[in-house]
Amino acid sequence: MSSTPLKVAVTGAAGQIGYSLLFRLASGALLGDRPIELRLLEITPALKALEGVVMELDDCAFPNLAGVEIGDDAEKIFDGVNLALLVGARPRGPGMERGDLLSANGAIFTAQGKALNKVAADDVRIGVTGNPANTNALIAMTNAPDIPQERFSALTRLDHNRAISQLAAKTGAAVTDIKKMTIWGNHSATQYPDVFHAEIAGKNAAEVVDDQAWIADTFIPTVAKRGAAIIEARGSSSAASAASATIDAARDWLLGSATGDWVSMAVVSDGSYGVPEGLISSFPVTTKGGDWEIVQGLEIDDFSRAKIDASTAELADERAAVTELGLI
Ligand code: NAD
Ligand code: LMR
């Protein structure tokens, strides 16, 4: 592996997710022994808090942390970055739906898309965690016309991991026995966690569970509404698990999935599975060397079709709303 440091930008670095993400990035969870240079973007009032976080990073004496730069100017922070993790956005509070966030957060992603377009490295990959993640990724992508569209993705890996965990708890299987999990659509309550193509120790997961009512009435809503359940319980949105999933997604994207399994990523649709072209929607993908490919040829029954269509219709509505707002 290269010993040149990978330049990784993190936005919203002084926030809750940042407080977990930065330390895991610096300790090698993304790249093992390859050095990493952190470029941390915040809004001006949060820079002082960010300085405190950097003091803590220093105090860890991480051997592979090759440097840290902080600032409030996207063009300076994104200069030459190979990976940009766009986390900074206003999180959802109790009672809020993601749609409420579109206008509040959309403007952030137009500016950051433009800055990435101007100054990021030629090989940049951009992962969007900040909500509404799919549409924020669409906004950034549209505002960065010189960066290939397949370099943008939005995070549905947390939903993917949640689905694996729920299925493991139900069946008593180890999480490592569960493969081919898929999240389709939006990172929202309309998302569709699909067990019909998943496998548990090589057997079809829906057949192992053998309980359609549990799948429809417990599993799917538990996974889809997990973010809200955590907000309700913690009083603020998921942070450590979101950071962990952000790293899982970036690692598998850059290095390929360690298990050879497919993963869920929200990526630009080419029309596969009837998902309208150009939407950033979650699909099952295989990853290799910084590229992804949508898994083809899966049979979609009527139950799954209706769920995928409902979630992609919501994405199309979000696209119409941000078009109306002049963000794309
Ligand atoms: P937080 O409020 O603790 O931190 C957000 C940080 O972003 C703040 O420090 C804020 O100052 C910063 N910020 C705001 N505007 C910015 C800008 N223009 N540039 C740079 N930084 C900016 O929130 P959090 O808990 O860390 O969550 C961050 C985002 O991640 C939220 O949108 C949240 O909803 C989302 N999230 C997504 C997932 C997912 O699975 N996709 C999971 C959990 C949370
Ligand atoms: C999550 O899934 O935990 C986050 O996206 C928080 C939210 O707003 O649901």
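Residues numbered from 1 in each chain as written. Chains lettered and ligands numbered in written order. Predicted model: local features only at pLDDT ≥ 70, side-chain atom pairs only at ≥ 80, totals over all residues. Heavy atoms only, no water.

- Going by the annotation in an unreviewed UniProt entry, the name recorded for the chain is Malate dehydrogenase, with Nocardioides soli given as the source organism.
- Under the UniProt heading Catalytic activity (unreviewed entry), the note attached to the chain is "(S)-malate + NAD(+) = oxaloacetate + NADH + H(+)".
- UniProt annotates the chain under Function (unreviewed entry) with the comment "Catalyzes the reversible oxidation of malate to oxaloacetate." (UniProt positions renumbered as here; feature names shortened; annotations may be inferred.)

1. So, the UniProt feature "binding site: NAD(+)" (unreviewed entry) in the chain
So, point 1. Mapped onto this numbering, the UniProt entry annotates "binding site: NAD(+)" (unreviewed entry) at Gly12, Ala13, Ala14, Gly15, Gln16, Ile17, Gly18, Asn105, Gln112, Thr129, Gly130 and Asn131.
So, point 2. Within the secondary structure, Ala14 sits in the loop between strand 1 (6-11) and helix 1 (16-27).
So, point 3. Here Ala14 falls in the partly exposed class, since its relative accessible area comes to 25%.
So, point 4. Every residue in contact with Ala14, bar those within four places of it in the chain, is listed here: Glu42, Ala46, Ala49 and Leu50.
So, point 5. One can find Gly15 in the loop between strand 1 and helix 1.
So, point 6. With relative accessibility at 27%, the residue Gly15 sits in the partly exposed group. (Helix = DSSP H or I, 4+ residues; strand = E, 2+ residues; numbered from the N terminus. Buried < 20%, exposed > 50% of the residue type's maximum accessible area, 1.4 Å probe, protein only. Contact = heavy atoms within 4.5 Å.)

2. A closer look at the packing of helix 5 (residues 133-142) against helix 11 (residues 302-324)
Helix packing for two helices is described by the angle between their axes and how far apart those axes are.
So, point 1. It is at 10 Å that the axes of helix 5 and helix 11 come closest, and there the two elements cross at 45°. Between helix 5 and helix 11, the angle is such that the two are oblique. Handedness of the crossing formed by helix 5 with helix 11: right-handed. Together, Asn134, Thr135, Leu138 and Ile139 of helix 5 and Leu315, Glu318, Arg319 and Val322 of helix 11 make up the contact between the two elements.
So, point 2. Residues that form the contact of helix 5 with helix 11 fall into these classes: four nonpolar, two polar and two charged. (Axes fitted to C-alpha atoms, helices over the stretch in contact; angles between N-to-C directions. Parallel < 35°, antiparallel > 145°, perpendicular 65-115°, else oblique. Left-handed = near helix turned anticlockwise from the far one by under 90°. Nonpolar A, V, L, I, M, F, W, Y, C, P; charged D, E, K, R; others polar.)

3. Some points on helix 1
So, point 1. With twelve residues, helix 1 should reach 16 Å at 1.5 Å per residue; the first-to-last C-alpha distance of 18 Å fits that figure.
So, point 2. Of all the residues in helix 1, the buried ones are Ile17, Gly18, Ser20, Leu21, Leu22, Phe23, Leu25 and Ala26.
So, point 3. Against the buried residues of helix 1 lie strand 1, strand 2 (36-41), helix 2 (47-60), strand 3 (65-71), strand 4 (83-86) and helix 10 (240-255).
So, point 4. Just beyond helix 1, the residue with positive phi is Gly28, at close to 110°. (Expected span 1.5 Å × (residues − 1).)

4. With respect to the pairing of strand 1
So, point 1. Of all six residues in strand 1, five are buried, a share of seventy percent or more.
So, point 2. In this fold, the crossover linking strand 1 to strand 2 by way of helix 1 has right-handed handedness. (Right-handed = clockwise from strand over helix to strand, strands pointing away.)

5. Considerations on the site of ligand 1
So, point 1. In the vicinity of ligand 1 lie 25 residues, with Gln16, Ile17, Glu42, Thr129 and Asn131 positioned nearest.
So, point 2. One of the backbone nitrogen or oxygen atoms of Gly15 is found 3.5 Å away from an oxygen atom of ligand 1.
So, point 3. Contact between ligand 1 and Glu42: an oxygen atom at 2.6 Å from a side-chain N or O atom of the residue.
So, point 4. If ligand 1 stood free it would expose 870 Å²; the protein chains cover 87% of that surface.
So, point 5. Broken down by secondary-structure element, the contributors of at least two residues to the shell around ligand 1 are helix 1 and helix 4 (101-119).
So, point 6. Considering only residue class, the shell around ligand 1 consists of twelve nonpolar, eleven polar and two charged. (Near = heavy atom within 4 Å. Polar contact = N/O pair within 3.5 Å; in protein donor to acceptor, adjacent residues only side chain to side chain. Areas by Shrake-Rupley, 256 points an atom, 1.4 Å probe, with all protein chains shown as cover.)

6. Considerations on the nonpolar core
So, point 1. Of all hydrophobic cores here, the largest spans 67 residues; its most connected members are Phe78, Leu116, Ile126, Leu167 and Met181.
So, point 2. Top contributing element to this core by residue count: helix 5, with six residues.
So, point 3. Residues contacting Ile126, with those up to four places away along its chain left out, are Ala84, Leu86, Leu116, Ile147, Arg151, Phe152, Ser153 and Trp253.
So, point 4. With 35 residues, the next largest nonpolar core counts Leu21, Leu158, Ala249 and Ala250 among its residues. (Core = buried A, V, L, I, M, F, W, Y, C linked by side-chain atoms within 4.5 Å.)

7. Some details on the sheet that holds strand 11 (residues 203-204)
So, point 1. In space, the three strands of this open sheet follow the order 7-10-11, with antiparallel pairing throughout. Sheet topology places strand 7 (178-179) and strand 11 at the edges, where each strand pairs with a single neighbour.
So, point 2. Pairing of strand 7 with strand 10 (residues 199-200) involves two bridges; the strand directions are antiparallel. Of the residues in strand 10, the one forming a bridge with Ile178 is Ile200. (Pairing = 2+ DSSP bridges.)

8. A short note on the environment of Glu299
So, point 1. Looking at the secondary structure, you find Glu299 in the loop between strand 14 (291-294) and helix 11.
So, point 2. Relative accessible area serves as the criterion here: at 70%, Glu299 is assigned to the exposed category.
So, point 3. Separated by 56 residues in sequence, Glu299 and Ala243 have C-alpha atoms that sit 32 Å apart.

9. What to know about unusual backbone geometry
So, point 1. Here the amide bond leading from Asn131 into Pro132 is cis, since omega sits at -5°, within 30 degrees of zero.
So, point 2. Counting through the fold element by element, Pro132 comes out in the loop between strand 5 (125-128) and helix 5.
So, point 3. With a phi close to 55°, Tyr273 is a non-glycine residue in the positive phi region.
So, point 4. Relative to the helices and strands, Tyr273 is located in the loop between strand 12 (263-268) and strand 13 (280-288).

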